[in-house]
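# Secondary and tertiary structure notes
What follows is each chain in one-letter form.
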Amino acid sequence: MKTSLQYVHSTMLIAVLLTCLPPAAKTAAADDWPRWNGPTRDGVIHEEGILTEIPAEGLRKLWEHPVKLGYAGPAVVGGRVYVPDYQKSSGKIVNNPGTRDELTGRERLLCLDAATGKELWKHEYEQAYAVSYGGGPRATPTVHDGRVYMLGAEGALTCLQADSGKVLWSHDLKREYQSKTPQWGHAAAPLVYHNSLICLVGGPDSLVVSFDRVSGREQWRALAGENHGYCPPTVITAGGVDQLLIWDPETLHSLNPDNGREYWQFALKPGYGMSILPPVLENNLLFTSGEGDASLMLKLADDSPTAEELWRGNARTSMYLATGAAIFDNGHLYGSDIRSGALVCARASDGKRLWQTAVPTSGSKRGRGGNYASAFLMKIDSRYLIFSETGDMISATLTPEAYHETGRFHAIDPTGNAMGRTLAWTYPAVSDGRLFLRNDQQVVCYDLSADGQP
């Protein structure tokens, strides 16, 4: 039990990164990366002129800037990079999934110039931590319409002016809603939807709360549950309407994002309360999975907000996600499986596994890469850019037939620790021909433009 829980725990941290907005709808300019996992929050790079094959000599480093602890990846908008971190003052981080690290320190949000790495402003506040794996904020900031929304590990929700760092409004979710901080901290970054900011909160009948994104006033609240989990709110368009997807540790819900009324629900209970990564959609198929045999493929109706179950995974089928999101690509799923620690390709129609490899996760030549070994996928055209937890940046082609690596270089040192190994568990960002990575010591920027290489 302890061993499994330890695996579990670390995995949660990557949930950390989740920020939100409808996966395939209205986005910022293509050269911005305004939220976790990209402009459309599906791992797809939309801008042109991006390198799709890593050269033998690696990428040219443009700058680096020091930071402190953090699992949250950067957001990049309008030539500015937004990175949260935690400056610890006291306490010890032991990375034990069964106990909470008790720390004191300051949660911070740094704003850097994307071209030079120069610090433009910094917002910080005192914040005690009592979370397992206490190494910093979990959620990548969401940047929208001149505002930055930051969610801290203990539930401090802050809206700041993007160009100056001025605080426009804030909420202490724990205090105001009598909610409990999850074991691995608040990780479900808020979702901007029209004039709303939708958040997982917790507390009595307030598992999900919608705030006016400009004023911060509550608009509606919905659902109840002892634990609200780590999966960010997600909006899809299906059945002729927008649907708000909320996955708590018991159930996957579809709600009306304007008022919180429920359209449908399916039971989906991952191990250890680890509802982490949001569902991925292709056409009318919706896939979700987590720790244990928690794996579900739904078919969404074309003419109404309803859904039917197609299949559930078992020990030999599907994939089970925790630290890295899947990409749904032409009827196939690609993602890091927590059981094998390998990158897996599974067929969407029935969940059958077609291949697996640990080369892009742990670097192992064997099929298995170790518990929760991860790789974070980004797709550009028919190619993939992959950030390994080893700190390597990889280019590859992924097809139903095989994984084929076309380039690799060591981009940043893995400074995190889980399950006896060092690792990098933060999502990358790509904006305006640049690649942004971070660990617990620095943010690094590389030239990723196709015409900017030596």
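A brief look at the structure comes next.

Basis of the calculations
- Residues numbered from 1 in each chain as written.
- Predicted model: local features only at pLDDT ≥ 70, side-chain atom pairs only at ≥ 80, totals over all residues.
- Heavy atoms only, no water.
- Buried < 20%, exposed > 50% of the residue type's maximum accessible area, 1.4 Å probe, protein only.
- Helix = DSSP H or I, 4+ residues; strand = E, 2+ residues; numbered from the N terminus.
- Pairing = 2+ DSSP bridges.
- Phe/Tyr/Trp six-rings, centres within 6.5 Å; stacked < 30°, edge-to-face > 60°.
- Lys NZ or Arg CZ within 6 Å of the ring centre and 35° of its normal.
- Core = buried A, V, L, I, M, F, W, Y, C linked by side-chain atoms within 4.5 Å.
- 1 Å grid on protein atoms, 1.4 Å probe; cavity = no way out; pocket = protein on both sides within 12 Å on 5 of 7 lines; lining within 4 Å.
- Points joined across faces, edges and corners; volume = space filled by probe spheres on them.
- Nonpolar A, V, L, I, M, F, W, Y, C, P; charged D, E, K, R; others polar.

### Digging into the pairing of strand β13 (residues 208-212)
The buried count for β13 comes to four of five residues, which makes it a mostly enclosed element. Direction of pairing for strand β12 (residues 196-200) relative to β13: antiparallel, over a ladder of five bridges. Residue L200 lies in a different strand from β13, and its bridge partner there is V208. Across four bridges, the pairing between β13 and strand β14 (residues 218-222) is antiparallel. Pairing of F211 across the sheet is with E218, part of β14. Where β13 folds back onto β14 in an antiparallel hairpin, the turn is made up of five residues, including G216, whose phi is positive at roughly 85°.

### A closer look at the packing of aromatic side chains
The tally for this structure, following the rule as stated, stands at 15 aromatic pairs. Between Y82 and W121 the ring centres are 6.1 Å apart and the planes differ by 50°, which places this aromatic pair in the tilted class. Within this pair, whereas Y82 is found in strand β3 (residues 80-90), its partner W121 is found in strand β5 (residues 119-126), the two being separated by 39 residues in sequence. Side by side, Y82 and W121 carry an identical accessibility label, which is buried. What links up through ring pairs into an aromatic cluster is the set W36, F376, F387 and Y427. When the ring centre of Y320 is taken as origin, the NZ or CZ atom of R339, which lies over that ring, is 4.7 Å away.

### Some points on the nonpolar core
Side chains that are nonpolar tend, in soluble globular proteins, to be buried together. Judged by nonpolar contacts, the single largest core of 66 residues is most densely connected at F287, M393 and L435. Counting residues per element, this core draws most heavily on strand β35 (residues 442-447), at four residues. If you look at the next biggest cluster of nonpolar residues, it comprises 15 residues, including Y149, Y177, L197 and C199.

### A closer look at empty space enclosed by the protein
Using the criterion set out here, one finds two cavities of 30 Å³ or more in the structure. Counted as a void, the largest cavity has a volume near 80 Å³. As for the largest cavity, its lining consists of G70, Y71, T415, G416, L423, A424, W425, T426, R438, N439 and D440. Taken together, the residues of the lining of the largest cavity sort by class into four nonpolar, five polar and two charged. Ranked by residue count, the leading element in the lining of the second largest cavity is strand β27 (residues 375-380), at three residues. By residue class, the composition of the lining of the second largest cavity is seven nonpolar, three polar and one charged.

These figures capture arrangement, not role.
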